[in-house]
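What follows is each chain in one-letter form.
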Amino acid sequence: MRFSHIAAGLGWAVTTTSAASNCGRDVYDYIVVGGGPSGIITAERLSAANHKVLLLERGHGPTVATGSNYTLPWNDTLTPIDVPALSSAVNTLPLWNEYFCSDTPASACVLGGGTTINYMVFVHPPAHDFENWPKGWNWEDIAPAAQRLYDRNPGSTLPSEDGQRYDQGLYSLLSNLFGNLGWKSIDMIDQPDEKHEVYSYPAWNIKDALRAGPVRTYLPLALERDNFTLRTGAKVIRLIREGSRVTGVEYESSGRRQIVKLAAKGRVVLSSGSLSTPRILFHSGIGPAAQIQTAKDSGVEVPPEEDWINLPVGQNLKDHPIFPIIVKSNQTWGPLNTASVLNSSDEKNIGLYESQGSGVLTQGRHRLIYFTSREGQDGTTRYFQGSCAASGKGVFTVTSYLTHGLTSTGVLGLDKDGKTVIEQSPYLQTEADIEASTSFVQNMIDIFTAPGTGLAMNTTTNATAILKSRTNGNHFVGTTKLGTDDGRMGGTSVVDLNAKVYGTDNLFVTDAGIHPDLPTGNTQAIVMVVAEAAVAKILAYKD
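Definitions and cut-offs
- Residues numbered from 1 in each chain as written.
- Predicted model: local features only at pLDDT ≥ 70, side-chain atom pairs only at ≥ 80, totals over all residues.
- Heavy atoms only, no water.
- UniProt positions renumbered as here; feature names shortened; annotations may be inferred.
- Salt bridge = Lys/Arg side-chain N within 4 Å of Asp/Glu carboxyl O.
- Helix = DSSP H or I, 4+ residues; strand = E, 2+ residues; numbered from the N terminus.
- Buried < 20%, exposed > 50% of the residue type's maximum accessible area, 1.4 Å probe, protein only.
- Disulfide = S-S within 2.5 Å.
- Axes fitted to C-alpha atoms, helices over the stretch in contact; angles between N-to-C directions.
- Left-handed = near helix turned anticlockwise from the far one by under 90°.
- Contact = heavy atoms within 4.5 Å.
- Nonpolar A, V, L, I, M, F, W, Y, C, P; charged D, E, K, R; others polar.
- Core = buried A, V, L, I, M, F, W, Y, C linked by side-chain atoms within 4.5 Å.

As recorded in an unreviewed UniProt entry, the protein goes by Cellobiose dehydrogenase and comes from Stachybotrys elegans. UniProt's Sequence similarities (unreviewed entry) comment on the protein is quoted here verbatim: "Belongs to the GMC oxidoreductase family." The UniProt entry for the protein carries the following text under Cofactor (unreviewed entry): "FAD".

If you want it as structure tokens, here you go:
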């Protein structure tokens, strides 16, 4: 079988914390907290620079090589996570609940984080996504980091190894529709700056006919090194601090607590994501006093009050609101029958995939991605992404996002039980966001229901109702915002231009929480780009 090397031939395996009896006695140059995309990239680059690195991940591995037993009946070296076309079926399987955090909304607690369970749409960020970042973090500064990522993990608009695209009925329908309106056909990987009235074959995070991401493109490199250790099943509770210096990390595994220590000049990097890194900071006496007190009241051993660091952790929360637009055509195509793939009865597609790395199973669920923009009543240009996928016979759903340029923000905090909660919604909080979104949705309705298209709205038929049916994008950023305005002095920033937490000597953050703004599209690629840039800053930083 073509994929038989996936588990057997990589030459590495993951060690869980419960098997590591000496973990508490080891000391590390770097402890990286969180094995999502930013954490894996951070840890791999640090270990490549000859530092002794420990990566702590609270979840478990999703692939056979990383310890998963959820194999496919037709290939015991692959899990449903691996096969691109099964991305739309994963949320129907038992592993779905195991891969999500119980104490944090919409967060994946699994090695690889969101890159393990998402739909793999991989939007290379345009240069303007960094227009509101501080000096030193604009596109000309970030571009080398982006190239480092793309050299290993480029994404693909044509993942089938036979060079063909499959199941293109929906693409043909929509490309003709948009083309007749004068919209431009682009390749969203080769032309990332084109984001107004354009459409493309989807760019997916797929490589070698498998779901890609740092679990495949970075982690194996780190695991080959003697100076790198990965512990899964390790939930970090808090950082051990002596004033402004972090000296260790307390984590829980299999119901037991233990502390792992830093070397004398060691550092901690938090990469647990926009929703989980704030919890660790609150537990460690860093953030608004009310949140630290809530952590203390929930039973966490926080530092003495004189050592609390007052920073706006959890503020500036941003996310893409989703407006689902469902349209009926008179055509006969539909979504892939994933059940027949899972139970082995789809012999044709399985055979093509296994023998050649080709066919519809190499593709994600979407068939076309489009981008456009609107200038709001406040003079700010807001961008929109539409991800189009079949959702029934002749029916398609446009998962449409309000993206870069939105001005609404929310607040993240803790509840009395210590769970992470959204205290203030980040969705459609400003009139300009509402106006631009209404205009965009109405334009889409007009396009899809114009005479001669053969299309009709399938469920919700007007813009007001579609906006009311809004769902979360789960592309959260901003809760540990990077910037020059020190939050201790009344500013809005939690980390400085080196990604170091203000008021600390050796604590850094590399996940999406440091992003001061939302990107023009899914956050998957930009999170990885920024992690590459941030770890380079950390390596260059001198105490």
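What follows continues from the structure just given.
For this particular structure, what's the right way to read the pattern of salt bridges?
Any two side chains of opposite charge can pair, so long as their charged atoms come close to each other. Under the defined criterion, the tally for this structure stands at 21 salt bridges. When the shortest N-O distance is used, the salt bridge between Glu44 and Arg225 registers 2.8 Å. Here Glu44, found in helix α2 (residues 37–48), pairs with Arg225, found in the loop between α8 (219–223) and β8 (228–232); they are 181 residues apart in sequence, far enough to count as distant. A relative accessible area of 25% means that Arg225 is categorised as partly exposed. Linking Glu532 and Arg148 is a salt bridge whose minimum nitrogen-to-oxygen distance equals 3.3 Å.

Got a minute to help me understand the state of the cysteines in this structure?
Two cysteines whose sulfur atoms are joined by a covalent bond form what is called a disulfide. Taken as a whole and assessed by the stated rule, the structure comprises 1 disulfide. Each sulfur of the disulfide joining Cys101 and Cys109 lies 1.8 Å from the other. Taking the torsion about the S-S bond as the criterion, the Cys101 to Cys109 disulfide, at about 95°, is right-handed. On the basis of relative accessible area, Cys101 is assigned to the buried category, the value being 12%. For Cys109, a relative accessible area of 8% gives the class buried.

Explain the packing of α2 against helix α15 (residues 524–540) to me, please; I cannot follow it from the model alone.
Helix packing geometry: the angle between the two helix axes and the distance between the axes. Between α2 and α15, whose axes approach to 9 Å, the crossing angle comes to 35°. In this structure, the crossing between α2 and α15 has a hand that is right-handed. Facing α2, whose interface residues are Pro37, Ser38, Ile41, Thr42, Arg45 and Leu46, α15 presents Val527, Met528, Ala531, Glu532, Val535 and Leu539. Broken down by class, the residue content of the contact of α2 with α15 amounts to 8 nonpolar, 2 polar and 2 charged.

Any chance you could explain the UniProt feature "domain: Glucose-methanol-choline oxidoreductase N-terminal" (unreviewed entry) in the protein here in plain terms?
Within this numbering scheme, the UniProt entry marks residues 273–287 as carrying the feature "domain: Glucose-methanol-choline oxidoreductase N-terminal" (unreviewed entry). The straight-line gap between the two end C-alpha atoms of residues 273–287 is 16 Å; of that span, 47% is helix and 0% is strand.

I tried to follow the nonpolar core on my own but got confused; where do I start?
What tends to happen in soluble globular proteins is that the nonpolar side chains get buried as a cluster. With 74 residues, the main nonpolar core has Ile31, Leu56, Phe228, Val268, Leu270 and Leu507 as its most contacted residues. The dominant element in this core, judged by the number of residues it contributes, is α15, at 10 residues. With 38 residues, the next largest nonpolar core counts Tyr370, Leu402, Ala463 and Ala512 among its residues.

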